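Notes for the structure review
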Amino acid sequence: MAILVGSAAAPRWWDLDHANLEDYLARLRSWGATASELVLHHGPADDQIVRVHILEPDWRNVAERFHAAGLICHVHAPLAPRFSLRRWADEREALERNYAPILAEAERIAQRQGESCVVVIHGANRPVVAPEANATATVEFLQWAAERCDREFPSVRLALELRRADGAKPPPDASRSGIIELVERVGSARVGICWDVGHDWENREREPDWTPAPGDEFLLRVIHVHAHDAGPDGTVHYPLVTGQVPIAEQISSLLAAGYAGSITLEVRYRFAAALGDPLEMLEASFRRLRDCLSTEG
């Protein structure tokens, strides 16, 4: 099974106007896209949320238009604070209510496309508590979500994202060993790792003996991938044109481990615009990703 490639479908890429979506989808297909990742949101939304997320009234229409273009869709959980797993310890029922529609929509997407849908989730990262408290919140939430999917949403998989190790007490999902342990503690075949190769590269100074290839203990748990490069100051989510993040080596290790999921280009529009025409930068990122895959193929 071939690896699917796509990009994070922030509405900013089609100028927040659904009239422009068909042109955007045509470009994606011409660049070799076979998948996409929709950041879903429901409830109140400010201007920043609108630029990044697909709002609930548009969920079905947008997903169906991506499907009509031949793209498999995956989902990223909302980025707004009320969806943060920081709330699990004190507001568990509210967080469950917030996530139930996201999981249900992911199941509808999976049924329409005839393939499973991965939902990418950020772990708990409350800076005022001990790392173990964040680990417990993350594991308990994922256990709840996995059990809910077992009962109601059988075509949904859950990917805990490897993130940047910020601060003196980085959350447990911000290291290779830490995220392996979290997934193991959840104990569900439905739950795996979203390997964000840019954040992994950011964490290299904190990881003993870091190399671009994480090893099979990590790679065999990967069910989704985020790819992006870094800017001049090391800031990530840049197009794959700067050459700082060792994308080729990372993809090589994925293929050697037999990975057959999706790779999402998680490129921020404003960083692409900083380097030139944003759509040209995104096209160059697809070209670079395809080159890496074809070189290994």
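Model, not experiment: these values are computed from the prediction. (Residues numbered from 1 in each chain as written. Predicted model: local features only at pLDDT ≥ 70, side-chain atom pairs only at ≥ 80, totals over all residues. Heavy atoms only, no water.)

Notes on the packing of helix H3 (residues 59-68) against helix H4 (residues 92-113)
Put simply, the rule reads: Here an angle of 0 to 180 degrees is reported between the N-to-C directions of two axes, which are lines fitted to C-alpha atoms, with helices fitted over the stretch in contact. A run of DSSP states H or I qualifies as a helix once it reaches four residues; a run of E qualifies as a strand once it reaches two. Both are numbered from the N-terminal end. Orientation labels follow simple angle bins: below 35 degrees gives roughly parallel, above 145 gives roughly antiparallel, 65 to 115 gives roughly perpendicular, and whatever is left gives oblique. A clockwise turn of the near helix away from the far one marks a right-handed crossing, whereas an anticlockwise turn of less than a right angle marks a left-handed crossing. Whether two residues are in contact is decided by their heavy atoms, any of which lying within 4.5 Å being enough. Only Asp, Glu, Lys and Arg are considered charged, only Ala, Val, Leu, Ile, Met, Phe, Trp, Tyr, Cys and Pro nonpolar, and every remaining residue, Gly among them, polar.
Closest axis-to-axis distance for the H3/H4 pair is 11 Å, and the angle between their directions is 30°. Here H3 is positioned roughly parallel relative to H4, judged by the angle of their axes. The handedness of the crossing between H3 and H4 is right-handed. Counting all contacts with H3, which are made through Trp-59, Arg-60, Ala-63, Glu-64 and His-67, the residues of H4 involved are Pro-101, Ile-102, Glu-105, Ile-109, Arg-112 and Gln-113. Looking at the contact of H3 with H4, its residues break down into five nonpolar, two polar and four charged.

Looking at the side chain of Asp-200
We apply this condition: Burial classes: relative accessible area under 20% of the type maximum marks a residue as buried, over 50% as exposed, and values in between as partly exposed (1.4 Å probe, protein chains only). Whenever a nitrogen or oxygen atom comes within 3.5 Å of another N or O atom, the pair is scored as a polar contact, on the condition that within protein one atom can donate a hydrogen and the other can accept it, and that pairs from neighbouring residues in sequence are kept only if both atoms are in side chains.
One can find Asp-200 in helix H7 (residues 197-202). Overall, the relative accessible area of 0% leaves Asp-200 in the buried class. A distance of 2.7 Å separates the side chain of Asp-200 from the side chain of Arg-176, its partner in a polar contact. Of the polar contacts made by the side chain of Asp-200, one reaches the side chain of Trp-210; its length is 3.2 Å. Excluding anything up to four places from it in sequence, Asp-200 contacts Leu-162, Arg-176, Trp-195, Trp-210 and Pro-214.

Some details on the pairing of strand E6 (residues 156-161)
Applicable threshold: Strands qualify as paired when DSSP identifies two bridges or more between them. Handedness of a crossover is defined as follows: orient the strands so they point away from the viewer, and if the path from the first strand over the helix to the second runs clockwise, the crossover is right-handed.
Taking burial as the measure, the six residues of E6 include five buried ones, the bulk of the element. Strand direction decides the pairing type here: strand E5 (residues 117-121) and E6, joined by five bridges, are parallel. Within E6, the position partnered with Val-118 by the bridge is Arg-157. Handedness of the crossover is the feature at issue here: the chain leaves E5, passes through helix H5 (residues 131-152), returns alongside E6, and the resulting connection is right-handed.

With respect to the side chain of Ser-36
Summarising the element assignment, Ser-36 is placed in strand E2 (residues 35-41). For Ser-36, a relative accessible area of 1% translates into the label buried.

A closer look at the environment of Ala-248
Along the chain, Ala-248 turns up in helix H9 (residues 247-256). For the pair Ala-248 and His-199, spaced 49 residues apart in sequence, the C-alpha to C-alpha distance is 16 Å. Each residue touching Ala-248, except ones within four places of it in the same chain, is listed here: Arg-288 and Cys-292.

Describing H5
Short version of the rule: By definition here, a helix of n residues has an expected span of 1.5 Å times n minus one.
Along its 22 residues, H5 runs 31 Å from first to last C-alpha, staying within 8% of the 32 Å computed at 1.5 Å per residue. Along H5, the positions that sit buried rather than exposed are Asn-134, Ala-135, Ala-137, Thr-138, Val-139, Phe-141, Leu-142, Trp-144, Ala-145, Ala-146, Arg-148 and Cys-149. Of the surrounding elements, those touching the buried residues of H5 are H4, E5, E6, helix H6 (176-186) and strand E7 (191-196).

Geometric values such as these leave the question of function open.
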